[in-house]
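# Fold and geometry: a report
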Amino acid sequence: MSERIYKAAIFDIGGVVLRSPFIAIAEYERQHGIPDNYINTSIVARGAQGAWQRFERGELELFAFYDAFSRDLSDTVNGNAWYKAYCKKKGIGRLKMSILGWFERFLMISGKTRMSQVTGPFEREWTRSGPQSQISISAAVGKHKVIALTNNYSQNSVPQSERAFLGWEEGATTEDLRSLFDDFCDSSALGTRKPEPKFYLIACERNGIKPHEAIFLDDIGLNLKAAKELGMDTIHVPIGGTFNAVKQLEAKLGLDLTGKPHASTAKM
């Protein structure tokens, strides 16, 4: 079997290059007594037409997103059913599920408030966190294409009154961040998002590569699964697992990304 030849490394942003927004979501849940991973379970279960997904594809402006996301989270009939299914799948006992009755009352009140109270902390966590030091993206420039593939909101219209609250004074993504990459594929600009196959294929087409010539790094299993099905090599980057992921990338690309000598194992 011939050795695989890589031409590009494709990076997720939040959770790989920047601090994971799931950390802020988890903190919000703890502060408000919301069951662990309830919000993300609801977001994912909504599917392609959920408010979060539509916002990331650039289909909703900010205040329309607040209203739609409020309605999504206030739908505790579906939300609780999805969370119970999640608990069953994960083997989580009755203790967490037993508080859903109280949580339904909570959501029916707070879900109708301005949803920036929920989304603001998530976005500040993301945009104000610097690139994780273990990932030296610049080390790969000139040797391989370095591409960002991010579910983002940078093309959505954000009123000036909201920018300071969201931490977006320099925009949803800063020029310093964008400058690290040869190409920055933004879901809100391209009208498609992970894990939709079209998004990955656009990134490849824009950069003159085939899916099997790329390594894709992400923190979400569904996104990695979609990439693998297209033929990409993948690396999972769990919270706290950045250094190990970088070592895997080093081995695949034959590059020194952590400052230690490393034998080349890949061909250009």
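All values derive from a computational prediction rather than experimental measurement.

Cut-offs and rules
- Numbering of residues starts from 1 in every chain and runs along the sequence as written.
- Whole-chain, interface and lining totals are the exception, using all residues; otherwise, since this is a predicted model, local features are given only for residues with pLDDT of at least 70 and side-chain atom pairs are given and counted only at 80 or more.
- The side-chain figures draw on all heavy atoms in the structure; neither hydrogens nor water molecules are used.
- All axes are obtained by fitting lines to C-alpha atoms, using only the stretch in contact for helices, and the reported angles, taken between N-to-C directions, cover 0 to 180 degrees.
- Put simply, DSSP marks the helices as runs of H or I at least four residues long and the strands as runs of E at least two long, and each gets a number from the N terminus on.
- Roughly parallel means an angle under 35 degrees; roughly antiparallel, over 145; roughly perpendicular, 65 to 115; everything else is oblique.
- Left-handed describes a crossing whose near helix is turned anticlockwise from the far helix through less than a right angle; right-handed describes the clockwise counterpart.
- Note on contacts: a residue pair is in contact if any heavy atoms of the two residues lie within 4.5 Å.
- Asp, Glu, Lys and Arg are counted as charged, while Ala, Val, Leu, Ile, Met, Phe, Trp, Tyr, Cys and Pro are counted as nonpolar; the rest, among them Gly, fall into the polar class.
- A cavity here means a set of 1 Å grid points, computed over protein atoms only, where a 1.4 Å probe fits but cannot escape. A pocket is an open set with protein on both sides within 12 Å along at least 5 of 7 lines, and lining residues have an atom within 4 Å of a point.
- Grid points are joined across faces, edges and corners, and a volume is the space filled by probe spheres set on the points.
- Stacked, edge-to-face and tilted are the three classes for Phe, Tyr and Trp ring pairs, Trp counted by its six-membered ring, which pair at centre distances within 6.5 Å; planes under 30 degrees apart are stacked, over 60 edge-to-face, the rest tilted.
- Each residue is assigned to one of three classes by its accessible area relative to the maximum for its type, calculated with a 1.4 Å probe on protein chains only: buried under 20%, partly exposed between the two thresholds, exposed over 50%.

### Here's the deal with the packing of helix α12 (residues 197–206) against helix α13 (residues 221–230)
Close contact between α12 and α13 brings their axes to 10 Å; oriented N to C, the two are set at 60°. In terms of orientation, α12 lies oblique with respect to α13. Like other packed secondary-structure pairs, α12 and α13 cross with a definite hand, here right-handed. Residue-level contacts link P197, Y200 and L201 of α12 to N223, A226, A227 and L230 of α13. Classifying every residue of the contact of α12 with α13 by side-chain character gives six nonpolar, one polar and no charged.

### A closer look at the layout of surface pockets
Computed from the structure, the largest pocket encloses a volume of approximately 1100 Å³. As for the largest pocket, its lining consists of 42 residues, and the residues nearest its centre are F22, N40, V44, I220 and L222. Going through the elements one at a time, α1 (21–31), α2 (38–45), α3 (51–56), α5 (76–90), α8 (116–127) and α13 are the ones with two or more residues in the lining of the largest pocket. At seven residues, α1 tops the list of elements feeding residues into the lining of the largest pocket. Partitioning the lining of the largest pocket into residue classes produces 19 nonpolar, ten polar and 13 charged.

### Examining the packing of aromatic side chains
Evaluation of the coordinates by the stated rule reveals 13 aromatic pairs. Each ring, one from F63 and one from Y66, has its centre 5.6 Å from the other, and the planes form 75°; the classification is edge-to-face. Residue F63 and its partner Y66 are located together in helix α4 (residues 62–74), separated by three residues, close to a single helical turn. The partly exposed category is assigned to F63, whose relative accessible area is 37%. On the basis of an interplanar angle of 45° and a centroid distance of 6.3 Å, the ring pair of F65 and Y66 is categorised as tilted. Each member of the pair F65 and Y66 is classed as buried. Here the aromatic residues W52, F55, F63, F65, Y66, F69 and Y153 are joined through ring pairs into a cluster of three or more.

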